[in-house]
Each structure stands twice: as C-alpha cells, then as structure tokens.
Amino acid sequence: MEINIEQHEKVKHVLPVQRGNVSVENVKFINAILYICENDCKWMRLPKEYRKWHPIYKRFRRWVEDGIIDKLFRELCSQGAINSDAVAWLMDSMAVPEYTPGRLRSVKKTENSLSDAPKAD
C-alpha cells in the first residue's frame, strides 16, 4: 500500500510545510508509515529504500503529538487511498510505547555487596 504523487497533492493541505534540509520527502515518509502499518513491523525493520528509520520515527512522533497523523489518515481514508483497517491499526499503535534498549538495562549497583563470610588473610 503506497500513495502516489496525485494522492499526495490531494492531502497536502493537512501536512506541515517542509522547511530546511529534509532528507525524506513527505510522500516517502507517508509511504514508510503505510509500510509499517501494512507489514506490522518494528521501526528498526523499515527497508533501506525509506532511508534511516529513526528520523522517520521522530517525525512520526511529532506528527502524532501535533494531531497531523490523525488528520492525514482520515483524509486518505475519506479519499479511498487507504482502507479503514489501516487507520484503525495506526490509531491503536499510537498507544504502544516505543521500545528502547536502554530501558531494559539493569541498574548499576552503587553499594558494595560484601559476602557474609570473612575473607581469609
């Protein structure tokens, strides 16, 4: 499932204006999100054709917080560019927290743990 340039032009009014040095155009960005939805994969598994996953994920989070993703996918759905199942999946997936490896690391011990048995001299 991908959108083309014509479909992008129809939903362009709900997207923020791209400024500065943007490495991923909005069309490619939207198609990356559609790929994630369609294949139910993790962000880190995004194919290289969409560029690096982390900038796409960061933009996705910004757009979620600003309500842009909701408007975008409702507009795409109303125009028939995507089906409503993708919108429902996306709305559900927004509630799932991001996996960060740092959260699973154990906490470093700050105190010495001496054994009960005294050391032999």
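Shown above is the structure to which this text applies.
Residues numbered from 1 in each chain as written. Predicted model: local features only at pLDDT ≥ 70, side-chain atom pairs only at ≥ 80, totals over all residues. Heavy atoms only, no water.

A. Geometry of the side chain of histidine 8. Within the secondary structure layout, histidine 8 lies in helix H1 (residues 5-11). Overall, histidine 8 belongs to the buried group, its relative accessible area being 9%. Residue contacts for histidine 8: discarding those within four places in its chain leaves Ile3, Leu15, Asn26, Val27 and Ile30. (Helix = DSSP H or I, 4+ residues; strand = E, 2+ residues; numbered from the N terminus. Buried < 20%, exposed > 50% of the residue type's maximum accessible area, 1.4 Å probe, protein only. Contact = heavy atoms within 4.5 Å.)

B. View of the state of the cysteines. Enumeration according to the criterion identifies 0 disulfides in this entry. Of the cysteine sulfurs around cysteine 41, a residue in no disulfide, the closest is that of cysteine 37, at 9.4 Å. (Disulfide = S-S within 2.5 Å.)

C. Local environment of the packing of aromatic side chains. If you walk through the whole model with that rule in mind, you get 4 aromatic pairs. Taken together, a centroid distance of 5.8 Å and an interplanar angle of 45 degrees make the contact between tyrosine 35 and tyrosine 50 tilted. Here tyrosine 50 lies in the loop between helix H2 (26-39) and helix H3 (53-66) and tyrosine 35 lies in helix H2, a separation of 15 residues in the sequence. Judged by relative accessible area, which is 4%, tyrosine 50 ranks as buried. With 5.1 Å between their ring centres and 45 degrees between their planes, tryptophan 43 and phenylalanine 60 make a pair best called tilted. Of this pair, tryptophan 43 sits in the loop between H2 and H3 while phenylalanine 60 is found in helix H3, placing the two residues 17 residues apart along the sequence. Taken together, the aromatic side chains of Trp43, Tyr57 and Phe60 make up a single cluster linked through ring pairs. (Phe/Tyr/Trp six-rings, centres within 6.5 Å; stacked < 30°, edge-to-face > 60°.)

D. Structural view of the packing of H3 against helix H4 (residues 68-78). Orientation of H3 relative to H4, taken along the N-to-C sense of each, is 90 degrees, at an axis distance of 5 Å. Between H3 and H4, the interaxial angle falls into the category roughly perpendicular. Seen from H3, the contacting residues are Phe60, Trp63, Val64 and Asp66; seen from H4, they are Ile68, Ile69 and Leu72. For the contact of H3 with H4, the class distribution of residues is 6 nonpolar, no polar and 1 charged. (Axes fitted to C-alpha atoms, helices over the stretch in contact; angles between N-to-C directions. Parallel < 35°, antiparallel > 145°, perpendicular 65-115°, else oblique. Nonpolar A, V, L, I, M, F, W, Y, C, P; charged D, E, K, R; others polar.)

E. Representation of H4 in the model. Of the residues making up H4, those classed as buried are Ile68, Ile69, Leu72, Phe73 and Leu76. An end-on view of H4 places all buried positions within 115 degrees of arc, on one side of the element. Among the exposed residues of H4, those oriented more than 90 degrees off its buried face are Lys71 and Ser78. Taken from the residues just after H4, glycine 80 is the one with a positive phi, measuring 80 degrees. (Arc of directions from axis to C-beta.)

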